[in-house]
Amino acid sequence: MPALVWIDTDMGFDDILAMMIVAASSKPIAGVSLVFGNAPMDAVRANAAGAASLLGWRFPIHIGAERAILGGVETPAHVLGPTGIPTRGRSLPEADALPHTDALTALTAWLEGLDAPGEILALGPLTNVAILSLARPDLISKITSVTWMGGGATRGNHTASAEFNAFADPEAVAIVLTSGVTLRVADLDLCRQVLVGPEDVDTVRAVGTPKAEILADLLGAYVDIALNSGRKAMALYDPTAAAAFVAPDAFVFEKAQVTMELSGTHTRGRTIVDQRPRANPNALWGMRADATRVRALALDALVEASRA
Ligand code: RIB
Ligand code: CA
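Quick caveat: nothing in here was measured; it's all calculated off a predicted structure. (Residues numbered from 1 in each chain as written. Chains lettered and ligands numbered in written order. Predicted model: local features only at pLDDT ≥ 70, side-chain atom pairs only at ≥ 80, totals over all residues. Heavy atoms only, no water.)

## Quick word on the site of ligand 1
Okay, step 1: Close contacts around ligand 1 come from Asp10, Asp14, Asp15, Asn38, Leu123, Met149, Asn157, Glu163, Phe164, Asn165, Tyr237 and Asp238, and that covers them all.
Okay, step 2: Here an oxygen atom of ligand 1 and a side-chain polar atom of Asp14 are 2.6 Å apart.
Okay, step 3: At a separation of 3.0 Å, an oxygen atom of ligand 1 approaches a polar side-chain atom of Asn38.
Okay, step 4: Within the complex, 96% of the 270 Å² of free accessible area of ligand 1 lies under protein.
Okay, step 5: Those elements that provide at least two residues to the shell around ligand 1 are helix H1 (13-23), helix H6 (164-168) and helix H11 (237-246).
Okay, step 6: Across the shell around ligand 1, the residue classes break down as 4 nonpolar, 3 polar and 5 charged. (Near = heavy atom within 4 Å. Polar contact = N/O pair within 3.5 Å; in protein donor to acceptor, adjacent residues only side chain to side chain. Areas by Shrake-Rupley, 256 points an atom, 1.4 Å probe, with all protein chains shown as cover. Helix = DSSP H or I, 4+ residues; strand = E, 2+ residues; numbered from the N terminus. Nonpolar A, V, L, I, M, F, W, Y, C, P; charged D, E, K, R; others polar.)

Structure below.
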């Protein structure tokens, strides 16, 4: 029976930690598709190859969209640097380049081969999922849900108004919202309920292996994103979405009508969430997370990987 889980990712550090959580769960991963986002595709591919080498990943990794539906390549280089994964010292190992296998071809082959519908965890811009839904609308019924880290009901992070994954390709979000897929959204406000701080970096480093040193340096640089802006801890973005994927009972999701702003001068990329009685729900919006459980999933995955 083919594995029923697919991960679409722009392979930053929080993506890697999210994938570690899924890899440690009872949900075998059928495949991974890469999308631009945290960095341009060349860097995303290098990050994927390095993470696979460090963590012993055996699932296939395929190359997806290098630019948004309208052609742009937005990245948070001003925060994450050119690689998309800053570090306090050590980095992912240099690894042989991934073979160029096409993500759309692989994703459609996976869905066509499923006896039962599969689940997708989307951790970057929704470009690959949007292209799939346009190219093969017949396969939407083979997807039980797409759990996506993206959007923000209140404040943005990439702009004051918009979360990065949404801002990087808002047309893709609008396409997915009308595709008929069940979209479960782990937005910024949900992820902000789950924090990671300097003490967690020490926990990982205390494992004392070379792998622990690398993962602690990467986690430390992720935490530094918050520390460098005067906050005491950093939100766990993609790992919270991964936890919603592997442990849905640790979350409360509610129906909502989600609209993507495509044209606002200051609000392009903003997700508008409507739960008024007159709303016409088109998504499930994450409202509450059991932060203790999510943190445990993330830290356990880091410590276990560091020991391996
Ligand atoms: O806004 C946070 C999201 O943007 C995360 O998925 C991070 O990895 C980047 O893709
Ligand atoms: Ca991501």
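## Quick word on the packing of aromatic side chains
Okay, step 1: What the rule picks out here adds up to 4 aromatic pairs.
Okay, step 2: For the ring pair Trp6 and Trp110, a centre distance of 5.4 Å and an interplane angle of 35° mean the geometry is tilted. One end of the pair, Trp6, is in strand S1 (residues 5-9); the other, Trp110, is in helix H4 (residues 103-113), and 104 residues separate them in sequence.
Okay, step 3: Ring centres 5.8 Å apart and planes at 50° place the aromatic pair Phe13 and Tyr222 in the tilted group. Of this pair, Phe13 sits in helix H1 while Tyr222 sits in helix H10 (residues 210-227), placing them 209 residues apart in sequence.
Okay, step 4: Its relative accessible area of 6% is what places Phe13 among the buried residues. (Phe/Tyr/Trp six-rings, centres within 6.5 Å; stacked < 30°, edge-to-face > 60°. Buried < 20%, exposed > 50% of the residue type's maximum accessible area, 1.4 Å probe, protein only.)

## Observations concerning the pattern of salt bridges
Once the charged atoms of two side chains with opposite charge are near each other, the side chains can pair.
Okay, step 1: All chains considered together, the criterion is met by 14 salt bridges.
Okay, step 2: The shortest N-O distance in the salt bridge between Asp138 and Arg136 comes to 2.8 Å.
Okay, step 3: Under the relative-accessibility criterion, Asp138 is labelled partly exposed at 45%.
Okay, step 4: Linking Arg205 and Asp217 is a salt bridge whose minimum nitrogen-to-oxygen distance equals 2.8 Å. Taken together, the residues Arg205 in helix H9 (residues 198-205) and Asp217 in helix H10 connect sequence positions 12 residues apart.
Okay, step 5: Its relative accessible area of 26% is what places Arg205 among the partly exposed residues.
Okay, step 6: Connected via shared salt-bridge partners are Arg90, Arg205, Glu213 and Asp217. (Salt bridge = Lys/Arg side-chain N within 4 Å of Asp/Glu carboxyl O.)

## Thoughts on the sheet that holds strand S5 (residues 143-149)
Okay, step 1: Pairing in this open sheet of 9 strands is mixed, and the strands run S3-S2-S1-S4-S5-S6-S11-S9-S10 from one edge to the other. Looking at the sheet topology across the chains shown, the edges are occupied by strand S3 (61-63) and strand S10 (271-274). Pairs of neighbouring strands in the sheet enclose a mean axial angle of 30°, with direction left out of account.
Okay, step 2: As paired elements, strand S9 (residues 251-260) and strand S11 (residues 283-289) share 6 bridges and run antiparallel to each other. Following the sheet pairing, Val252 is matched in S11 by Arg288.
Okay, step 3: Contacting S1, strand S2 (29-34) and strand S4 (118-122), H1 crosses the sheet at an angle of about 175° to S1. (Pairing = 2+ DSSP bridges. Axes fitted to C-alpha atoms, helices over the stretch in contact; angles between N-to-C directions. Contact = heavy atoms within 4.5 Å.)

## Some remarks on the coordination of the calcium ion (ligand 2)
Okay, step 1: Around the calcium ion (ligand 2), the protein supplies Asp10 (OD), Asp15 (OD), Asp15 (OD), Leu123 (O) and Asp238 (OD) as donor atoms, at distances of 2.2 to 2.6 Å.
Okay, step 2: If you list the donors of the calcium ion (ligand 2) from N- to C-terminus, the spacing comes out as D-x4-D-x107-L-x114-D. Highlighted residues: Asp15 in helix H1 and Asp238 in helix H11, separated in sequence by 223 residues. As far as burial versus exposure is concerned, Asp15 and Asp238 are alike and both buried. (Donors = N, O, S within 2.8 Å, 3.2 Å for Na, K, Ca; no water.)

## A look at the packing of helix H5 (residues 127-135) against helix H7 (residues 170-177)
Okay, step 1: Where H5 contacts H7, the two axes come as close as 8 Å, and the packing angle between them is 45°. Classed by the angle they form, the pair H5 and H7 counts as oblique. The interaxial crossing formed by H5 with H7 has left-handed handedness. Facing H5, whose interface residues are Thr127, Val129, Ala130, Ser133 and Leu134, H7 presents Ala172, Ile175 and Val176.
Okay, step 2: In the contact of H5 with H7, the residues fall into 6 nonpolar, 2 polar and no charged. (Parallel < 35°, antiparallel > 145°, perpendicular 65-115°, else oblique. Left-handed = near helix turned anticlockwise from the far one by under 90°.)

## Some details on the pairing of S1
Put simply, side chains in a regular strand alternate between the two faces of the sheet.
Okay, step 1: A large share of S1 lies buried, amounting to 5 of its 5 residues.
Okay, step 2: Neither face of S1 is exposed, since Val5, Ile7 and Thr9 on one face and Trp6 and Asp8 on the opposite face are all buried.
Okay, step 3: As judged from the 5 bridges shared by S1 and S2, these two strands associate in the parallel manner. Looking at the pairing, Trp6 lines up with Gly31 of S2.
Okay, step 4: A crossover connection joins S1 to the parallel S2 through H1; in handedness this β-α-β unit is right-handed.
Okay, step 5: Pairing between S1 and S4: 4 bridges, direction parallel. Within S4, the residue paired with Val5 across the bridge is Glu119. (Right-handed = clockwise from strand over helix to strand, strands pointing away.)

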